[in-house]
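What follows is each chain in one-letter form.
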Amino acid sequence: MKCFSCKESELLPVKLEPGLPALGCNDCGGVYIDLLTYREWNEDRDDDETAVTEGALVEASESDSALICQRCRKIMLKFKISGATDNYVDLCSTCDDAWLDKGEWQLLNQLQLEGKLTEIVTRPWQKHIREERAASSLENRFKEELGETDFDRAKDYASWLKSHPKRREIENLVRYIRRG
Ligand SMILES: [Zn+2]
Ligand SMILES: [Zn+2]
């Protein structure tokens, strides 16, 4: 089977985890996962086995365009992994398989979502991400309250002030003016 992403190279057997075989592309680093195999691995594994990695998130690549399933030639659907990243899992619901771009499996591990792959590709998961995003977006709430013009003005002012060498003097001046 050819690579889902670069379509040139032949996919080769790789092992994502002990007991989780997949097919990988040596050129782009993407991996093909058969979700039946994945489910079996996920049911059998011990949840505590995977080590939690600290620090910055892995920089995983993301193919912007829709992928074509190399098994059935249908267009695959994209499902956002989490609100914390802009990475997507590509799914072919016909073949019940998934495509991950380079680094995305590591990203799932880092976010402790390696056991949630089949949940990510569902509507409730996607809905939850959208809701979470909306709730956490404090900026948007300010924007709504202030209106776009004043919001932009305040933001410009804040970023100008932040990097200004005479920041303290300016803040004093503003305080002085406000007191009238
Ligand atoms: Zn490839
Ligand atoms: Zn397919």
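Given the structure is predicted, the values throughout are model-derived calculations rather than measurements. (Residues numbered from 1 in each chain as written. Chains lettered and ligands numbered in written order. Predicted model: local features only at pLDDT ≥ 70, side-chain atom pairs only at ≥ 80, totals over all residues.)

Brief notes about the overall build of the protein chain
- Broken down by element type, the protein chain carries seven helices and six strands.
- For 180 residues, the compact-globule estimate of 2.2 N^0.38 gives 16 Å, and the C-alpha radius of gyration of the protein chain, at 23 Å, exceeds that figure by more than 25%.
- For the C-alpha atoms alone, the extent of the protein chain along its principal axes is close to 75 × 35 × 30 Å.
- In the protein chain, buried positions account for 22% of the 180 residues.
- In the protein chain, once contacts between residues fewer than 6 apart in sequence are set aside, the share between residues at least 24 apart is 51%. (Helix = DSSP H or I, 4+ residues; strand = E, 2+ residues; numbered from the N terminus. Rg over C-alpha atoms; globule rule 2.2 N^0.38 Å. Buried ≥ 20, exposed ≤ 12 C-beta atoms within 10 Å, placed from the backbone. Contact = placed C-beta atoms within 7 Å.)

Focus: the domain arrangement of the protein chain
- One can read the domain layout of the protein chain as domain 1 (12–133) and domain 2 (138–179).
- When each unit is reduced to the centre of its C-alpha atoms, the spacing between domain 1 and domain 2 is 41 Å. (Domains from an automatic or database assignment.)

Examining the sheet that holds strand S5 (residues 88–92)
- The sheet built from six strands is open, its strands ordered S1-S2-S3-S6-S5-S4 with antiparallel pairing. In this open sheet, the two edge strands, each paired with only one partner strand, are strand S1 (12–17) and strand S4 (77–80). If you compare each strand with its neighbour and ignore which way they point, the axes differ by 35 degrees on average.
- As paired strands, S5 and strand S6 (residues 97–100) are joined by three bridges and run antiparallel to one another. In the strand pairing of S6, Leu-91 is matched with Ala-98.
- Sitting on the sheet, helix H1 (residues 35–44) is in contact with S1, strand S2 (20–24), strand S3 (31–34) and S6, with an inclination near 70 degrees to S3. (Pairing = 2+ DSSP bridges. Axes fitted to C-alpha atoms, helices over the stretch in contact; angles between N-to-C directions.)

Considering the pairing of S3
- As defined by bridge partners, S2 adjoins S3 across two bridges and the pair is classed as antiparallel. Counted as the bridge partner of Leu-23 is Tyr-32 from S3.
- When S3 meets S6, the two strands line up antiparallel, connected through four bridges. Looking across to S6, one finds that Asp-34 is bridged to Asp-97.

Structural notes on the nonpolar core
- Val-31, Val-89 and Ala-98 are the most contacted members of the largest nonpolar core, which has 28 residues in total.
- Elements that contribute at least two residues to this core include exactly S2, S3, S5, S6 and helix H2 (104–110).
- If you tally residues by element for this core, the top one is S5, at four residues.
- Among all residues touching Val-89, those that are not within four sequence positions of it are Phe-79, Ile-81, Ala-98, Leu-100, Leu-117, Ile-120 and Val-121. (Core = buried A, V, L, I, M, F, W, Y, C linked by C-beta atoms within 7 Å.)

Focus: the pairing of S2
- Of the pairings in the sheet, the one linking S1 to S2 comprises five bridges and is antiparallel in character. Across the sheet, the residue bridging to Pro-13 is Leu-23, located in S2.
- Counting the residues in the hairpin turn of S1 and S2 gives two residues, including Gly-19, whose phi is positive at 85 degrees.
- The antiparallel pairing of S2 with S3 creates a hairpin that spans six residues between the two strands, and Gly-29 there sits at a positive phi of about 80 degrees.

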